[in-house]
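Structural features, examined
Take a look at the letters that make up each chain.
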Amino acid sequence: MSKEVLCIILLVVFFAIMIYVGFYSRKHATDVNGFVLGGRGVGPWLTAFAFGTSYFSAVIFVGYAGQFGWIYGIASTWIGIGNALIGSLLAWVVLGRRTKVMTQHLRAKTMPDFFGQRYGSKALKIVASVIVFVFLIPYTASVYNGLSRLFGMAFNIPYTWCVIAMAVFTAIYVILGGYMATAINDFIQGIIMLFGIVAVIASVLNGQGGFMEAVSKMAQIPSDVPATMGQPGAFTSFFGPDPLNLLGVVILTSLGTWGLPQMIGKFYAIKDEKSINTGTVISTLFAIVISGGCYFLGGFGRLFDSAEIYNAETGAVVYDSIIPSMLSKLPDILIGIVVVLVLSASMSTLSSLVLTSSSTMTLDLLKDNIMKEMSEKKQIITMQILIVFFIVVSVVIALDPPTFIAQLMGISWGALAGAFLAPFLYGLYWKGVTRAGVWAGFIAGVGITVSNMFIGYIASPINAGAVAMVAGLVIVPLVSLVTPKLKKEDVDEIFTCYEEKVVSTKKRNL
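Below is a summary of the structure that appears in this document. (Residues numbered from 1 in each chain as written. Predicted model: local features only at pLDDT ≥ 70, side-chain atom pairs only at ≥ 80, totals over all residues. Heavy atoms only, no water.)

When helices and strands are tallied, the protein chain shows 20 helices and zero strands. Taken over the C-alpha trace, the protein chain has a radius of gyration of 23 Å; the compact-globule value for 510 residues is 24 Å, and the two agree within 12%. Counting only C-alpha atoms, the protein chain reaches 65 × 55 × 50 Å along its principal axes. With 510 residues in all, the protein chain has 59% of them scored as buried. When the accessible surface of the protein chain is summed, it comes to about 20,300 Å², and 67% of that surface belongs to carbon and sulfur atoms. Considering the protein chain, the positive charge centre built from 32 side chains and the negative charge centre built from 25 side chains are found 10 Å apart. (Helix = DSSP H or I, 4+ residues; strand = E, 2+ residues; numbered from the N terminus. Rg over C-alpha atoms; globule rule 2.2 N^0.38 Å. Buried < 20%, exposed > 50% of the residue type's maximum accessible area, 1.4 Å probe, protein only. Areas by Shrake-Rupley, 256 points an atom, 1.4 Å probe, with all protein chains shown as cover. Lys, Arg positive; Asp, Glu negative; His and termini not counted. Charge placed at Lys NZ, Arg CZ, Asp CG, Glu CD.)

Okay, structure coming up:
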């Protein structure tokens with residue numbers, strides 16, 4: 001059986017399962033709460049895998065793993081460890097329970113809805129929804145990254161058809177089953193990703209003579225970072241040749257999840273206390289294997305240095321070519337698994353992004369502002385139409401990305417997390433956050449990342465995103481301390497949700 005036929009069979013089976021799940025999940029999407037949040041009754045395994053698969057897309061596997069593995073060597077594995085400990089474990093511990101309790105008390109279905117309810121401001125809700133709309137579209141388009149080279153390596157199907165097929169099948173199951181369909185499919189796609197990354201790492205290292213032999217070869221490569229003076233061994237050192245910039249990458253890709261609406265939305269939907277505890281462990285282990293595995297694999301990229309990973313005109317390294325080049329020598333069955341792995345990572349993230357975008361636009365911008373009377377059925381239909389709209393726009397951008405949009409892709413994560421992380425985090429824990437503090441956080445997060453794109457006062461857009469997040473964590477409390485407070489009785493009423501008495505078994509609490 002040829003490589004092309006094998007890949008096509010795997011893809012047909014994969015897409016058939018996705019569509020079946022969409023039809024199966026229709027019963028959970030009959031009202032807005034079910035369509036957007038799965039009825040707030042989603043268990044730990046589905047939630048943890050939905051969190052993880054929304055976190056890690058083809059951008060991580062093909063783009064970031066190749067780029068940062070090339071720059072930092074094996075030390076790039078720290079990015080994966082940071083993603084697991086900060087982006088998953090701490091995110092669940094710090095945000096999980098409080099997000100579930102307060103959003104349910106406020107009856108908030110989206111992150112902009114939370115800002116509107118928590119701070120008593122319709123303007124905050126509208127502006128937050130606009131920020132989500134503006135910065136999730138380029139992020140959605142970037143999800144298709146990496147597919148072109150991998151599909152070109154696997155079989156001769158044009159990239160255009162791959163992108164369209166992925167978009168169509170994602171649209172079908174999200175429209176049919178809403179959040180529950182994405183959660184079930186995320187679980188299936190997550191299983192594929194887990195087995196796939198382990199098999200790929202084992203095969204790639206085996207092709208280099210095993211782990212120790214691969215490390216020995218890496219240790220002989222001289223570093224091209226000026227600070228290391230061209231000495232060999234930097235790419236196998238503990239923190240790599242450029243520890244400071246490596247820290248910036250860890251902060252952006254790890255702390256960023258705390259402020260991304262498509263990630264935080266998973267906590268809105270989780271079922272109960274036990275689900276949060278179990279989900280914390282599952283999500284962290286998933287991140288260790290997937291993210292740690294991707295960056296660990298990318299750390300050996302320089303062993304596959306060849307003419308095909310360089311731009312023929314400029315001579316610069318094309319980072320998106322590194323991982324496909326590593327995988328091109330794999331057995332046919334593994335190449336088929338890699339194709340389905342990357343497709344799984346991309347579709348799971350895409351479904352989460354378009355559901356977040358459509359629900360935010362419908363519930364936070366159109367409802368009660370532009371369309372005054374919206375029944376439950378009309379809200380669901382509007383979200384389904386917007387899902388199609390967002391996917392079509394993302395496909396158009398992905399097929400012909402202009403330079404501006406290509407730049408915007410790199411900063412969308414930083415802008416969203418920079419704007420939302422501090423107001424959301426402080427809003428869960430501190431009664432003293434003011435509307436002015438939230439506005440300052442929005443302005444700082446978006447302002448730093450967007451202005452840097454045009455002026456370039458911070459060399460790396462990734463470091464700019466990290467600065468935006470840290471700036472928000474400082475600016476929001478400082479501004480809140482010197483600006484008018486919200487009505488004490490309103491804030492106290494919101495925080496009563498944490499004091500509500502619940503009955504528990506001794507198995508859960510002594």
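Once you've had a look at it, read on.
All right, on to a nonpolar patch on the surface then. A surface patch of nonpolar side chains, amounting to about 710 Å² of accessible area, comprises W78, I81, L85, L89, L90, V93, F238 and F239. Looking at the element boundaries, F238 is found in the loop between α10 (211-219) and α11 (243-255). On the basis of relative accessible area, F238 is assigned to the exposed category, the value being 57%. (Patch = residues over 30% accessible without salt bridge, like charges linked within 9 Å, V, L, I, M, F, W, Y side chains within 5 Å. Salt bridge = Lys/Arg side-chain N within 4 Å of Asp/Glu carboxyl O.)

Applying the stated criterion across every chain yields a total of three salt bridges. With its nearest N and O atoms 3.7 Å apart, the salt bridge here joins K125 to D113. With K125 in helix α7 (residues 122-142) and D113 in helix α6 (residues 111-118), this pair connects stretches of sequence that are twelve residues apart. Side by side, K125 and D113 carry an identical accessibility label, which is buried. Ionic pairing is found between D492 and K488, a salt bridge with its closest N-O pair at 2.8 Å.

With that out of the way, let us pick up unusual backbone geometry. With the exception of glycine, most residues fall at negative phi, and the peptide bonds are largely trans. Positive phi outside glycine occurs at R107, with the angle close to 60 degrees. With respect to the element layout, R107 can be found in the loop between α5 (77-106) and α6.

Once that is clear, we can look at the nonpolar core. One finds F61, F300 and F420 to be the most contacted residues of the largest nonpolar core, which totals 158 residues. Ignoring anything within four residues of it in the chain, the contact list for F300 reads I74, L205, F211, A214, V215, M218 and M326. (Core = buried A, V, L, I, M, F, W, Y, C linked by side-chain atoms within 4.5 Å. Contact = heavy atoms within 4.5 Å.)

Burial within helix α12 (residues 261-269) is extensive, with nine of its nine residues counted as buried. Restricting attention to buried positions, one finds in α12 the residues P261, Q262, M263, I264, G265, K266, F267, Y268 and A269.

A complete count under the given rule lists 31 aromatic pairs for this structure. The rings of F114, F115, Y119, F420, F424, W439 and F442 are connected pair by pair, giving a single aromatic cluster. Against the face of Y429 rests R98, its NZ or CZ located 4.2 Å from the ring centre. The lysine or arginine in question, R98, covers the ring of Y498, its NZ or CZ lying 4.2 Å from the ring centre. (Phe/Tyr/Trp six-rings, centres within 6.5 Å; stacked < 30°, edge-to-face > 60°. Lys NZ or Arg CZ within 6 Å of the ring centre and 35° of its normal.)

This brings us to helix α20 (residues 488-495). Listing the buried residues of α20 in full gives V491, I494 and F495. All buried residues of α20 project into a common sector of 95 degrees when viewed along the axis, lining one side. (Arc of directions from axis to C-beta.)

What follows covers the environment of K271. Secondary-structure assignment places K271 in the loop between α12 and α13 (273-298). In this structure the C-alpha to C-alpha distance between K271 and P44, which are 227 residues apart in sequence, comes to 7.6 Å. Beyond its immediate sequence surroundings of up to four residues, K271 is in contact with R40, G41, V42, G43 and K100.

Where helix α9 (residues 159-207) contacts α13, the two axes come as close as 10 Å, and the packing angle between them is 35 degrees. In the crossing of α9 with α13, the sense of the turn from one axis to the other is left-handed. Residues G190, M193, L194, I197, V198, V200, I201, V204 and L205 of α9 touch α13, and the partners they reach there are F286, V289, I290, G293, C294, F296 and L297. The residue makeup of the contact of α9 with α13, split by class, is 14 nonpolar, two polar and no charged. (Axes fitted to C-alpha atoms, helices over the stretch in contact; angles between N-to-C directions. Left-handed = near helix turned anticlockwise from the far one by under 90°. Nonpolar A, V, L, I, M, F, W, Y, C, P; charged D, E, K, R; others polar.)

This part is about the packing of helix α3 (residues 44-55) against α12. Their axes nearest at 9 Å, the elements α3 and α12 cross at an angle of 175 degrees. What the angle tells us is that α3 and α12 run roughly antiparallel. Judged by residue contacts, T47, A50, F51, S54 and Y55 of α3 engage M263, K266 and F267 from α12. (Parallel < 35°, antiparallel > 145°, perpendicular 65-115°, else oblique.)

Take T257: it is sitting in the loop between α11 and α12. In this view, T257 contacts Y55, G87, A91, M263, I264 and W413; residues no more than four positions away in its chain are not counted.

Relative to the helices and strands, T434 is located in the loop between α17 (403-429) and α18 (435-455). Residue T434 is classed as buried on the basis of its relative accessible area, which comes to 0%. Among the polar contacts listed, one links the side chain of T434 to the side chain of T483, at a separation of 2.7 Å. Those residues within four positions of T434 in sequence are excluded, and the remaining contacts are V479, S480, T483, P484 and K485. (Polar contact = N/O pair within 3.5 Å; in protein donor to acceptor, adjacent residues only side chain to side chain.)

A separate point is the environment of G39. In this structure, G39 sits in the loop between α2 (32-37) and α3. Counting along the chain gives 32 residues from G39 to C7, while the straight-line C-alpha distance between them is 36 Å. Excluding anything up to four places from it in sequence, G39 contacts N33 and G34.

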